[in-house]
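Given next are the chains, with one letter for each unit.
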Amino acid sequence: MKFAFLFVFFISFSTFAQRYSFVEYSTAQGLPQSQVTSIAQDDDGYLWVGTLGGLAKFNGKKFNSYTRDNGLAYNKITYLKKIEKEIWIGHEGGISVRKNGEFQHWYLPKESKNIRVTGFAKFHHSILITTNGDGLYQLENEKLKRVAFSQNQDQKIRDILQFEHHYYLATREGLYKTRDFKTYQLIPKSEDLSISDIAIRASILVITTFNDGVFFYNPKKNQFLRQDYIDPNLFPDGAFSDHRNNLWINTSEGLLKINEQNRVELINDSKGLPLVQIECIFEDNERNLWLGSGGKGLIYFPGEQFVYYNQSSGLPTDLILNVNQDKRNQFWISTLNKGIVLKKQQTYFSIYENIKTIWTSAFNVDGMNWFGTELGLVSFKGETFNKTYGKQEGLPNDKITSLLRISGSKMYIAGKGGLVLYDHGKFILLHNNETSKDIGTIRDLEIFDKKLYLATDKGLFIYDDNRIKSVQDFTNTSFCLAKDGKGQLWIGTEEGLFTLAKNKIENRNFASETASRFVNFLTYSKNKLFIGTNNGLYISHLNEIGKEQKIEHFGIQEGLVNLETNLNSSYIDLAGNLWFGTASGLVEYRNPSDKKTMYNPHLVLQNILLNYQKIVYTQNDLDGELSMPSSKNNISFEFDGISLSNPDEMYYQFWLEGVEDGWSPKTNNSKATFTGLRSGEYILHARAVGGENKFSKEITISFTIRPPFYFTWWFILLLIAILSLLIYQFFKFRIRSEREKNEKETMVFKNKLMALEQQSLNASMNRHFIFNSLNSIQYFINTQDKISANKYLTNFAQLIRKNLDSSSSDGNLLPLSKEFERLDLYLSLESMRFKGRFEYEFINTVVDSDQILIPAMLLQPFVENSIVHGILPKKEVLGKITVKAWTEENILFIYIHDNGVGISQSMKSKTHSDGDHRSQGMEITAKRISLIKQMSNQGFEIVGPKDSLDENRLINGTDVLLKIPFDYLDN
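All figures in this text were calculated on a predicted structure; none of them were measured in a lab.

### Some words on empty space enclosed by the protein
Part 1: According to the stated counting rule, one finds three cavities of 30 Å³ or more in the structure shown.
Part 2: Of the volumes computed, that of the largest cavity is approximately 120 Å³.
Part 3: Forming the walls of the largest cavity are 15 residues, and the residues nearest its centre are Asn865, Ser866, Asp898, Ile903 and Thr958.
Part 4: Of all elements in the fold, only helix H6 (860-871), strand S71 (891-898), helix H7 (903-912) and strand S73 (955-965) reach the threshold of two or more residues within the lining of the largest cavity.
Part 5: Across the lining of the largest cavity, the residue classes break down as six nonpolar, seven polar and two charged.

Below, the structure written as structure tokens:
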């Protein structure tokens, strides 16, 4: 079936004007007022914006406003300037300054309260202030005073500029210069010029005037020349020179841009400028251009790299689907609702509107230009419509969405119905959805690895061996294809970007935003892959193996008029510029080979919160003196990242030494919060991360969480001291108690011991011994043996005396030698009384026996026992008693031996004895020794009495051994 449309050729034409993109910030975004008078930037990177309703600080995303309530002299701002680290603020009737986060202000005299401050300059240690009607002021030592300015000189000073040791004053009467503000020189040829502003451009002063145009002044040559190529009727009001040496002049009709070749371009509303009334121009540290408008707020000018064309510039529609370029460098623009538009230089023609929707194009096939439309295939010869082709010519469907030129006579044609090959004027059906597998609508075609690949709304397919088949069952809705020359096929889908290489499909994530994963077009050129998404344009720079070296993102801030790009609308022209369609018009990206400059963001600490309450801190606190009690261990640090070029690509990373091992993942949360911190020392590291992983300067904050008082060293020492005192008092009490107890026990023991010693004394002098001794004396007297009587009586008296002396000795202790003397007296008496019955001997090998003390009358009971119960019963043998003393190591040994009947026989005899003699000496001595052991806590020991055995194991007497430690003897 033939299409019989009446087509319209050269229906209309219009000027094809390019437009720039501008970003507006007004009161809706937080600006305090829409009339911006001045702009400045501080060292942290913040942009300061002066308006007629207050001052604003801008970080690229949001504004913080300041008014008189914050310390400003007035709300109306007329001028801003950064001098050293401070922002100086001019008002009507006064000045303010921001120092260390606080505002100070001074007022002009009352009669000057309506006079505008127009400029600031540093002069020695003071600040100079110019006014538009009240001359010159100086702020020195916190006092504001007027500087003499002669009556012949105008009091209306519009600006002040320091340049090469001179200060230049722009006045209503001309340009003045001075060194010392005492003498002033009027620059020749500037007389009677009403100067509005001064700027510096490459060592040349640019002077704008209200009625006489623009002048350049060369201080070295003292030349003052009018620039005649600038129309004075534009009433230039201000000048600014950017980093490229472009001169920008704000006029009554918009912005004048003058490049180094003095080419002049007027940028006004026809070029996209939101408002022609521009009050000030400013370039920030990232080389962005900012405009203060007279009613549209703050305007950001991304630059001239992106220009766009839409209905405002003369295009019949904003909905662009395809762009192509013919041999005559003319651009053919396909639209969604206005057919085909032809661009010739700066003029466009609406050339074809019979079919409204034009999807795609292919040029120079069989000498014709071809267009795929909603209602068939259309061909043009030159600029003349040729023919429309449909099913009758062999096309599978009327909707043609993709064309791919193979050669000067061949191309592929694809659409909703299938795939067709055009070859030398013939249409060859390769696939039809009605008779073959339905592959959906084909959106793009690409020959890769000598095979034809198809991107469709049902996935990725390949045409090979006269068959169409799915590629690895890849069913993601696919919109576009591009090969990169690195052996990779790129696939753009509604779910992201993929590559096919070596029969493997790989997901290539290049952005995290959901809108960025909706890929509308792909174009490859010179190691760069251009990616059109619903979130603007991305450029992936590929290395030699096709991997991404760098990803650049372009959005509203970079000059795009709209973030949503159109399907398969991209085209790279013969000059290397990228064209593509958006929802708001056609975009031209000029010089895409120029790399987008990424700047490091700034990071600023805004607040510190302890237990969710803001605290006041100083720089010294941040340098290591920030110390918090243990009760305030929930701490938050609020930061602000500043990037005027890429505010939407701002992320933060934190690292708390002592808690974490390294940097946290990137986050868009600018607050670092730590709860329940233990006592100790910490160091917080913080940094902002911008585009291309550009890092800000790292901020480090050292702080300490003090331990609770019960963990402090002084408290621990105090606790130790208290515990030590308590323990000392406890032990002192226990010692005193034990001492008292021991003293009581000792007293009891001593009493018992005294009683026992008295009993021992009594036992030593028992009635039998005394009676027998007296009888012996009487016997010697009766027998006229005076010598024996006297000897006996003398020894008896000495024995009685020694017994009495020993009972009164200190501690009842006697030297070993004295005890042996007393024992010798006793044995001598007994040997006289039992004459011829026994003999005795003492063996004392102790060297210092005069110094060794032993309990008194300790040995006599054993010797008496030997005589009475051992020797006397054994009548047939001469008895012998041996007493031996010696020392070994720290023990005194005393050995008593008799050759009597033995202890065993003696005990048997005693059980049958009915005599009245009861020897209690041994029993008392045993009790004494037991008490001595308890009182001295020493190893005092008696071994025996026991039988003494000869070599034939026969009893030959009794042995007793006393072991007395020297520790006791020392006592």
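### Focus: the sheet that holds strand S55 (residues 548-554)
Part 1: The sheet built from four strands is open, its strands ordered S52-S53-S54-S55 with antiparallel pairing. On the outer flanks of this sheet lie strand S52 (519-525) and S55, each paired with one strand and no other. When strand polarity is set aside, the average angle formed by the axes of neighbouring strands in this sheet is 20°.
Part 2: The pairing of S52 with strand S53 (residues 528-533) spans six bridges and is antiparallel. Bridging across to S53, serine 525 finds its partner in lysine 528.

### A short note on the pairing of strand S27 (residues 264-267)
Part 1: Side-chain alternation along S27 places Glu265 and Ile267 on a buried face and Val264 and Leu266 on a face that remains uncovered.
Part 2: Judged from the four bridges that link them, strand S26 (residues 254-258) and S27 form a sheet pairing that is antiparallel. Across the sheet, the residue bridging to leucine 256 is leucine 266, located in S27.
Part 3: In this antiparallel pair of consecutive strands, S26 and S27, the connection spans five residues, and asparagine 262 shows a positive phi of 60°.

### Topic: the packing of aromatic side chains
For any two aromatic rings, the description comes down to two numbers: the centre-to-centre distance and the angle of the planes.
Part 1: Enumeration over the complete set of coordinates arrives at 52 aromatic pairs.
Part 2: Look at tyrosine 352 and phenylalanine 385: their rings are 5.5 Å apart centre to centre, the planes differ by 15°, and that puts the pair in the stacked class. Here tyrosine 352 is found in strand S35 (residues 347-352), whereas its partner phenylalanine 385 is found in strand S39 (residues 384-389), with 33 residues between them in sequence. Phenylalanine 385 carries the same exposure label as tyrosine 352, and that label is buried.

### Looking at the side chain of glutamate 558
Part 1: Residue position: glutamate 558 is located in the loop between S55 and strand S56 (571-572).
Part 2: There is a polar contact of 2.6 Å between the side chain of glutamate 558 and the backbone nitrogen of glycine 555.

### Topic: the packing of helix H5 (residues 816-833) against H6
Part 1: Where H5 meets H6, the axes come as close as 11 Å, and the angle between the chain directions of the two elements is 20°. On the basis of the axis angle, H5 is roughly parallel to H6. Judged by the sense of rotation from one axis to the other, the crossing of H5 with H6 is right-handed. Contacts between H5 and H6 involve Arg822, Leu823, Tyr826, Leu827 and Glu830 from the first element and Gln860, Val863, Glu864 and Ile867 from the second.
Part 2: Partitioning the contact of H5 with H6 into residue classes produces five nonpolar, one polar and three charged.

### Re the sheet that holds strand S30 (residues 298-301)
Part 1: Reading across the sheet, the four strands line up as S3-S30-S29-S28 and stay open at both edges, with antiparallel pairing between neighbours. Only two strands of the sheet have a single neighbouring strand rather than two, namely strand S3 (23-25) and strand S28 (278-283). Strand-to-strand twist of the sheet, defined as the mean angle between neighbouring strand axes without regard to direction, takes the value 25°.
Part 2: Examined bridge by bridge, S3 and S30 share three bridges and lie antiparallel to one another. Directly across from valine 23, in S30, lies its bridge partner tyrosine 300.

### Details of the layout of surface pockets
Part 1: Looking at the largest pocket, its volume works out to about 1800 Å³.
Part 2: For the largest pocket, the lining is made up of 39 residues, of which Asp44, Asn100, Gly101, Val604 and Leu605 are closest to its centre.
Part 3: Only strand S7 (63-66), strand S9 (86-91), strand S10 (94-99), strand S11 (102-107), strand S59 (602-610), helix H1 (619-625) and strand S66 (699-705) provide two or more residues apiece to the lining of the largest pocket.
Part 4: At six residues, S59 tops the list of elements feeding residues into the lining of the largest pocket.
Part 5: In terms of residue class, the lining of the largest pocket is made up of 15 nonpolar, 11 polar and 13 charged.

### What to know about the confidence of the model for the protein
Part 1: Looking at the protein, pLDDT values average 86 and 88% of them are 70 or higher.
Part 2: Mean pLDDT across the secondary structure elements of the protein bottoms out at strand S1 (residues 12-15), with 44, and peaks at strand S5 (residues 47-51), with 98.
Part 3: Here residues 1-15 is a poorly scored stretch, pLDDT under 50, and it has 40 contacts once near neighbours within four places are set aside; other chains count.
Part 4: Between residues 914-918, whose pLDDT stays under 50, and residues either more than four places distant or in other chains, the model counts five contacts.

### Focus: the pattern of salt bridges
Part 1: Evaluated as defined, the whole model comprises 19 salt bridges.
Part 2: The salt bridge partner of glutamate 84 is lysine 122, with a shortest N-O separation of 2.9 Å. One end of the pair, glutamate 84, is in the loop between strand S8 (77-83) and S9; the other, lysine 122, is in strand S12 (residues 117-123), with 38 residues separating them in the sequence.
Part 3: Since its relative accessible area comes to 27%, lysine 122 is described here as partly exposed.
Part 4: Note that lysine 550 and glutamate 692 form a salt bridge whose closest N and O atoms lie 3.6 Å from each other. On the criterion of sequence distance, the pair formed by lysine 550 in strand S55 and glutamate 692 in the loop between strand S65 (680-689) and S66 is long-range, its members being 142 residues apart.

### Some details on the environment of asparagine 233
Part 1: Following the sequence through the fold, asparagine 233 ends up in the loop between strand S23 (223-226) and strand S24 (238-241).
Part 2: Separated by 21 residues in the primary sequence, asparagine 233 and aspartate 212 place their C-alpha atoms 8.0 Å from one another.

### Regarding the pairing of strand S38 (residues 376-381)
Part 1: Burial within S38 is extensive, with five of its six residues counted as buried.
Part 2: Of the strand pairs in this sheet, strand S37 (residues 368-373) and S38 are connected by five bridges, and their pairing is antiparallel. By the bridge assignment for S38, phenylalanine 371 is matched with valine 378.
Part 3: Between S37 and S38, which pair antiparallel in sequence order, lie two residues.

What counts, and at which threshold
In every chain, residue numbers begin from 1 and rise along the written sequence. Only residues with pLDDT of at least 70 are given local features in this predicted model, and only at 80 or more are side-chain atom pairs given and counted; all residues enter the totals for whole chains, interfaces and linings. Calculated side-chain values reflect all of the structure's heavy atoms, with hydrogen atoms and water omitted. A cavity here means a set of points on a 1 Å grid, drawn over the protein atoms and nothing else, where a 1.4 Å probe fits but cannot get out; a pocket is an open set with protein on both sides within 12 Å along at least five of seven lines, and a residue lines either one if it has an atom within 4 Å of a point. Grid points are joined across faces, edges and corners, and a volume is the space filled by probe spheres set on the points. A helix here means a DSSP run of H or I that spans at least four residues, while a strand means a run of E at least two residues long, and both kinds are numbered starting from the N terminus. Charged residues are taken to be Asp, Glu, Lys and Arg, nonpolar residues to be Ala, Val, Leu, Ile, Met, Phe, Trp, Tyr, Cys and Pro, and polar residues to be all remaining types, Gly included. Strand pairing follows a simple DSSP-based rule, namely that at least 2 bridges must link the two strands. Note on method: axes are straight lines fitted to C-alpha atoms, helices fitted across the in-contact stretch only, with angles between N-to-C directions ranging 0 to 180 degrees. In this scheme, a residue with accessible area under 20% of its type's maximum is buried, one over 50% is exposed, and one in between is partly exposed, where area comes from a 1.4 Å probe on protein chains only. Between 30 and 60 degrees the pair is tilted, below 30 it is stacked and above 60 it is edge-to-face, where a pair is any two Phe, Tyr or Trp rings, Trp via its six-membered ring, whose centres lie within 6.5 Å. Identification of polar contacts relies on pairs of N or O atoms within 3.5 Å, with a donor-acceptor requirement for protein atoms, meaning one able to donate a hydrogen and the other able to accept it, and with residues adjacent in sequence counted only if both atoms are side-chain atoms. Angle categories are assigned with fixed cut-offs, so that under 35 degrees is roughly parallel, over 145 is roughly antiparallel, 65 to 115 is roughly perpendicular, and the rest are oblique. Here is the rule for handedness: rotate from the far helix to the near one, and if that takes an anticlockwise turn smaller than a right angle the crossing is left-handed, while a clockwise turn gives right-handed. Two residues form a contact once any of their heavy atoms are found within 4.5 Å. The score called pLDDT rates the predictor's confidence residue by residue, from a low of 0 to a high of 100. In the sections that follow, a salt bridge refers to a side-chain nitrogen of Lys or Arg positioned within 4 Å of a carboxyl oxygen of Asp or Glu.

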